[in-house]
Amino acid sequence: MAKEINTIGVLTSGGDAPGMNAAIRAVVRQALSKGKRVVGIKRGYAGLLNEEIVEMDAKSVSDTISRGGTILQTARCMEFVTPEGQQKGAEICKKFGIDAIVVIGGDGSFKGAQKLAALGINTIGIPGTIDLDIACTDYTIGFDTAVNTAMEAIDKVRDTSTSHERCSIIEVMGRGAGHIALWCGLANGAEEVLLPEKYDYDEQRLIDQVVEARKNGKQHYIIINAEGIGHSQSMAKRIEDVTGIETRATILGHMQRGGSPTCKDRVYATTMGAMAVDLLCEGKSNRVVAHSGGAFVDFDIDEALAMKKGVDEYMYQISKSLV
């Protein structure tokens, strides 16, 4: 029989994402409802190694569901990548009586959870990243808020770009994944979407399209550029130098990580947080909560990390055909 879970820790790791607080709140209150003790681990794995561990009760998460960011703070921790750091983390868990940990973060965070599970600490991962780049799930906490924030910003840039008859390159976040860029390309009706998964670095083709659009009377030209391609400022300069068309680059940056989470991010994060606790109470470990095929499910972390994810091919094709 699996060892009974008495104390559950919760941490957020890697980049912050709107909705993380909703997940933390759900973990805390679902665990308390099942008679479990809950502790918060501040600043991710770095905080675990530094023993930044605090008791949490229902009041600890009051009025947090609408807040962006993470009340537990987050950090990246190179020490925890090492076997020595992982062993130290497991020993600290045992020192504080932590039987299990819910890890809210991305692929890198799940690798840490995987190592803790191998060292005897029950772990459940919750996908928290605006990048939507975790292959086992159709949804990650924060993506919906981030893509709506970017969409609204791009609408505003389009207004001024039209007034000045400019070409605008708008760079969105996503690290090496193009999901935010693709969704914004469709939502904002962009003339061009540049994705790391698809970009051929044929800048002359891009320049030709900008020139052709101007000849056809288009007052603006919106290019959504993914962070994984980058170099938006230099790209804008080259386009302006060759075409003579005023071209500006706008890098939306970390504004996409902030703000009050959307209804979807609150509800899905809450459901995932509660489910993570339920899985731990069932004696499960080394699992990732996911939303797949319209349902909340769980995967083995090893299986989840082995999966690969690309952008939706049909969405990419219609981003080209609907211009």
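See the structure shown above.
Note that the structure is a prediction, hence the values are computed from the model and not measured.

Rules used throughout
- By convention here, each chain's residues receive numbers from 1 onward along its written sequence.
- Selection of residues for local features in this predicted model requires a pLDDT of at least 70, selection of side-chain atom pairs for listing and counting requires 80 or more, and totals for whole chains, interfaces and linings are taken over all residues.
- For the side-chain quantities, the full set of heavy atoms in the structure was used; hydrogens and water were omitted.
- Numbering goes from the N terminus for both helices and strands, where a helix is a DSSP run of H or I of at least four residues and a strand is a run of E of at least two.
- The quantity called the radius of gyration is restricted to C-alpha atoms. Its globule counterpart is 2.2 Å times the number of residues to the power 0.38.
- The buried label goes to any residue with under 20% of its type's maximum accessible area, the exposed label to any with over 50%, and the partly exposed label to all in between, with areas taken from a 1.4 Å probe on protein chains only.
- Contacts are assigned to residue pairs that have any heavy atoms within 4.5 Å of one another.
- All accessible areas in this document rest on Shrake-Rupley with a 1.4 Å probe, and a residue is counted as covered only by the protein chains that are shown.
- Among buried residues, those of type Ala, Val, Leu, Ile, Met, Phe, Trp, Tyr and Cys that are joined through side-chain atoms within 4.5 Å constitute a nonpolar core.
- When DSSP finds at least two bridges between two strands, those strands are taken to pair.
- In this description, a line fitted to the C-alpha atoms serves as the axis of each element, helices being fitted only across the stretch in contact, and the angle between N-to-C directions of two axes falls anywhere from 0 to 180 degrees.
- Each C-beta atom gives one direction from the helix axis, and the arc is the one those directions make.
- For classification purposes, an angle smaller than 35 degrees is called roughly parallel, one larger than 145 roughly antiparallel, one from 65 to 115 roughly perpendicular, and anything else oblique.
- Throughout, a crossing is termed right-handed when the near helix is turned clockwise from the far one, and left-handed when it is turned anticlockwise from it by less than a right angle.
- Ten residue types, Ala, Val, Leu, Ile, Met, Phe, Trp, Tyr, Cys and Pro, are classed as nonpolar, four, Asp, Glu, Lys and Arg, as charged, and the remainder, Gly among them, as polar.

1. Notes on the overall build of the protein chain
Along the protein chain, the regular secondary structure elements total eleven helices and eleven strands. Its C-alpha radius of gyration of 22 Å places the protein chain within 12% of the 20 Å reference for a compact globule of 323 residues. Seen along its three principal axes, the alpha-carbon backbone of the protein chain occupies a region of about 70 × 35 × 35 Å. Out of the 323 residues in the protein chain, the part that is buried amounts to 53%. Across the protein chain, the fraction of contacts at a sequence separation of at least 24, relative to all contacts at a separation of at least 6, is 74%. Total accessible area on the protein chain is roughly 13,700 Å²; 50% of this is exposed by carbon and sulfur atoms.

2. Considerations on the nonpolar core
If you look at the biggest cluster of nonpolar residues, it comprises 57 residues, and the most contacted ones within it are Ile24, Val102, Ile104, Ile180 and Ile224. Excluding residues that lie within four positions of it along the chain, isoleucine 180 makes contacts with Ile130, Phe143, Ala146, Val147, Ala150, Val172, Met173, Gly174 and Gln256. Counting residues in each nonpolar core, the second largest holds 27 residues, with Leu11, Cys77, Ile92 and Ile98 among its members.

3. Some words on the sheet that holds strand E11 (residues 295-300)
Strand order in the open sheet formed by seven strands is E3-E2-E1-E4-E5-E10-E11, and the pairing between neighbours is mixed. Every other strand in the sheet has two partners, leaving strand E3 (53-56) and E11 as the edge strands with one partner each. Pairwise comparison of adjacent strand axes, ignoring direction, gives a mean angle of 25° for this sheet. Sheet topology note: the strand E4 (residues 100-105)/strand E5 (residues 122-127) ladder contains six bridges and is parallel. The residue bridging valine 102 from the neighbouring strand is isoleucine 124, located in E5. Relative to the sheet, helix H1 (residues 20-33) contacts strand E1 (7-12), strand E2 (37-41), E3, E4 and E5, its axis offset from that of E1 by approximately 180°.

4. Overview of the environment of methionine 272
Its location among the elements puts methionine 272 in helix H9 (residues 263-281). Residues methionine 272 and alanine 23 lie 249 residues apart in sequence; the distance between their C-alpha atoms is 6.7 Å. Those residues in contact with methionine 272 that lie beyond four places of it in its chain are Ile126, Pro127, Thr137, Tyr139, Ile141, Val289, Ala290, His291 and Phe296.

5. A closer look at helix H11 (residues 313-321)
Among the residues of H11, Met315, Tyr316 and Ser319 are the ones counted as buried. Down the axis of H11, the buried side of the element spans an arc of 100°, and every buried residue falls inside it. The exposed residues of H11 that point more than 90 degrees off its buried face are Tyr314 and Ser321. Buried-residue contacts for H11 involve helix H6 (179-187) and strand E7 (192-194).

6. Some thoughts on unusual backbone geometry
In this structure, arginine 175 takes a positive phi of about 50° despite not being glycine. The backbone phi angle of asparagine 286 is positive, close to 60°, even though this residue is not glycine. Within the secondary structure, asparagine 286 is located in the loop between H9 and strand E10 (287-292). Residue classification places asparagine 286 among the buried residues on the basis of a relative accessible area of 13%.

7. A look at the packing of helix H5 (residues 143-163) against H6
Packing of H5 against H6 brings their axes to within 10 Å, and their N-to-C directions diverge by 45°. Here H6 runs oblique to H5, going by the angle between their axes. Taken as a pair, H5 and H6 cross one another with a handedness that is right-handed. When H5 is examined against H6, the residues Phe143, Ala146, Val147, Ala150, Met151 and Ile154 are found in contact with a partner set consisting of His179, Ile180, Trp183, Cys184 and Ala187.

8. Details of the pairing of E4
Of all six residues that make up E4, six are buried, and the element is covered over most of its length. Pairing between E1 and E4: five bridges, direction parallel. For glycine 9, the partnering residue across the bridge sits in E4 and is isoleucine 101.

9. Details of the packing of H6 against H11
Axis separation between H6 and H11 bottoms out at 10 Å; the angle between their running directions is 40°. Taken together, the axes of H6 and H11 lie oblique to each other. Between H6 and H11 lies a crossing of left-handed hand. For the pair formed by H6 and H11, the contact residues are Leu182, Trp183 and Leu186 on the first element and Met315, Tyr316, Ile318 and Ser319 on the second. A breakdown of the residues in the contact of H6 with H11 according to their chemical character gives six nonpolar, one polar and no charged.

10. Regarding the sheet that holds E7
If you walk across this open sheet you meet the four strands as E7-E8-E6-E9, and the pairing is parallel. Strands with a single pairing partner mark the edges of an open sheet, and in this sheet they are E7 and strand E9 (247-251). Strand-to-strand twist in this sheet, taken as the mean axis angle between neighbours without regard to direction, amounts to 20°. Here five bridges tie strand E6 (residues 167-172) to E9, and the two strands are oriented parallel to one another. Bridge pairing in E9 links isoleucine 169 to alanine 249.

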